[in-house]
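Examining the three-dimensional arrangement
One-letter residues, chain by chain:
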Amino acid sequence: MSNTIFFSFLGNEELMGQLAKNLNMPIGEVQFRKFPDGESYVRILTEVKQKNVVLVCTLHQPDDKFLSLYFFCKTSRKLGAKNIYLIAPYLSYMRQDKIFNPGEGITSKYFGALISEFVDGIVTVDPHLHRVESLSSVYSIPNLVLHTAEEISKWIEQNISDPVLIGPDEESKNWLSLVAKNANAPFIILNKTRYGDRNVKIDMPDLEMYKDKTPVLVDDIISTAGTMIETIGHLENSKMKSAVVIGIHAIFAGNAYQKLKDCGVGRIVTCNTIPHPTNEIDISHELGKGIQQLLQKLN
Ligand code: R5P
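Residues numbered from 1 in each chain as written. Predicted model: local features only at pLDDT ≥ 70, side-chain atom pairs only at ≥ 80, totals over all residues. Heavy atoms only, no water.

Side note on the site of the ligand
Put simply, the rule reads: The rule for a residue being near a molecule or strand is that one of its heavy atoms must lie within 4 Å of it. Polar contacts, as counted here, are pairs of nitrogen or oxygen atoms within 3.5 Å of one another; within protein the pair requires one atom able to donate a hydrogen and one able to accept it, and residues that are adjacent in sequence qualify only if both atoms are side-chain atoms. Segments assigned H or I by DSSP are reported as helices when at least four residues long, segments assigned E as strands when at least two residues long, and all are numbered from the N terminus. Put simply, Ala, Val, Leu, Ile, Met, Phe, Trp, Tyr, Cys and Pro go in the nonpolar bin, Asp, Glu, Lys and Arg in the charged bin, and everything else, Gly too, in the polar bin.
Surrounding the ligand, one finds 16 residues, the nearest of these being Arg95, Asp219, Asp220, Thr224 and Thr227. Here histidine 128 contributes a side-chain N or O atom positioned 3.4 Å from an oxygen atom of the ligand. One of the side-chain N or O atoms of threonine 224 is found 2.6 Å from an oxygen atom in the ligand. Those elements that provide at least two residues to the shell around the ligand are β10 (191-196), β12 (214-222) and α6 (226-235). Per element, the largest residue contribution to the shell around the ligand is four residues, and it comes from β12. Among the residues forming the shell around the ligand, the class breakdown is three nonpolar, six polar and seven charged.

Remarks on the pattern of salt bridges
The line we're drawing: We count a salt bridge whenever a side-chain nitrogen from Lys or Arg sits within 4 Å of a carboxyl oxygen from Asp or Glu. Under the scheme applied here, a residue whose accessible area is under 20% of the maximum for its type counts as buried, over 50% as exposed, and between as partly exposed, the area being computed with a 1.4 Å probe on protein chains only.
Taken as a whole, this structure holds 10 salt bridges when the rule is applied. The salt bridge partner of lysine 154 is glutamate 151, with a shortest N-O separation of 3.3 Å. Here lysine 154 and its partner glutamate 151 are both found in helix α4 (residues 149-159), three residues apart, which amounts to about one turn of the helix. Classification of lysine 154 by relative accessible area gives partly exposed; the value is 39%. Note on glutamate 151: relative accessible area 16%, which makes it buried. When salt bridges with common partners are traced through the structure, they connect Asp97, Arg131 and Glu171 into a single cluster.

Description of the pairing of strand β14 (residues 267-271)
Within a regular beta strand, the side chains point alternately toward one face of the sheet and then the other, so they alternate between its two faces. Note the cut-off: When DSSP locates at least two bridges between a pair of strands, those strands are taken to pair. By convention, orient the strands away from the viewer: a clockwise path from the first strand over the helix to the second makes the crossover right-handed.
Across the five residues of β14, four count as buried, placing the element largely inside the fold. Both strand β13 (residues 244-250) and β14 contribute to a ladder of four bridges, which runs parallel. Bridge assignment links valine 245 to a residue of β14, and that residue is isoleucine 268. Between β13 and its parallel partner β14, the chain crosses via helix α7 (residues 256-262), and the hand of that crossover is right-handed. Sheet topology note: the β14/strand β15 (residues 279-281) ladder contains two bridges and is parallel. Each residue of the ladder has a partner; that of cysteine 271, found in β15, is isoleucine 281.

Let's talk about the packing of α4 against helix α5 (residues 173-182)
A pair of packed helices is captured by two measures, namely the crossing angle of their axes and the spacing between those axes. Put simply, the rule is: Each axis is a line fitted through C-alpha atoms, taken for helices only over the stretch in contact, and angles between the N-to-C directions span 0 to 180 degrees. These descriptions rest on fixed angle ranges, namely under 35 degrees for roughly parallel, over 145 for roughly antiparallel, 65 to 115 for roughly perpendicular, and the rest for oblique. Should the near helix be turned counterclockwise from the far one by less than a right angle, the crossing is left-handed, whereas a clockwise turn marks it as right-handed. The contact criterion used throughout is that any non-hydrogen atoms of two residues lie within 4.5 Å.
Axis separation between α4 and α5 bottoms out at 8 Å; the angle between their running directions is 45°. When the axis of α4 is compared with that of α5, the two are oblique. Viewed along their axes, α4 and α5 form a crossing whose handedness is right-handed. Between α4, through Ala149, Ile152, Ser153, Ile156 and Glu157, and α5, the contact on the second element is made entirely by Trp175, Leu178, Val179 and Asn182. For the contact of α4 with α5, the class distribution of residues is six nonpolar, two polar and one charged.

Rendered as structure tokens:
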């Protein structure tokens, strides 16, 4: 543990700083930039020889980051790093976990195999493991999956009086029921059919018995926000209070955040797995414990 050094990928400085501080670890200096022609440049300025290198790099918009991440890991190795660990609070490509249409590939596995080639261990938070039972079937390296359920329950208890939790699809049932139990709140699971990247249909049950409660929509990922917007549309006729939206991973593709704000939602809250103005639920404590656990196990 003593021989460990933390690095941040661009944009991850705040979370990395918090983690390094909590774990009392030194921070290394690295330059990530683009050459004028758009190619990626990486220069590691702190000695990594014989050290455990921990890189905090959340992986939304992964295609923009992948080469820099690869170059960082390969360069660390070349400079003598003992082990290289990737802390990716959001893990991308996990949603393409089956062949939905002929001609597709299971790209979650391809991506996992690529990362596993140059990283020695990975820590992530609530990856999209809906049809896949464990991260080990996607990543062949030691891995640790952390969960936000406890922190989300705490936030709901502290901020929302008389909530009813709403999960948008059957896949959210296991973890949403846990969040609801810890928050002492009832929950409903909706039925969602996806017709395309931005086109989902939600079937809403009768909400009469919940009409005095605050609807709290909880989902693991907010990407186009289509799922949330469609659900909020159904709530409009329910005479319930304005909805609170909680997402673990704040992707907010394109103008999704503005669209969600514009649809009359009461409050939008996310975990800090992806930096975003809505990050109100801090997972750095859990993440720090997880990193410590992985380092102790592997060193
Ligand atoms: C799907 O299985 C996930 O749990 C989310 O519901 C989905 O990724 C949300 O995507 P969007 O915000 O684009 O509707």
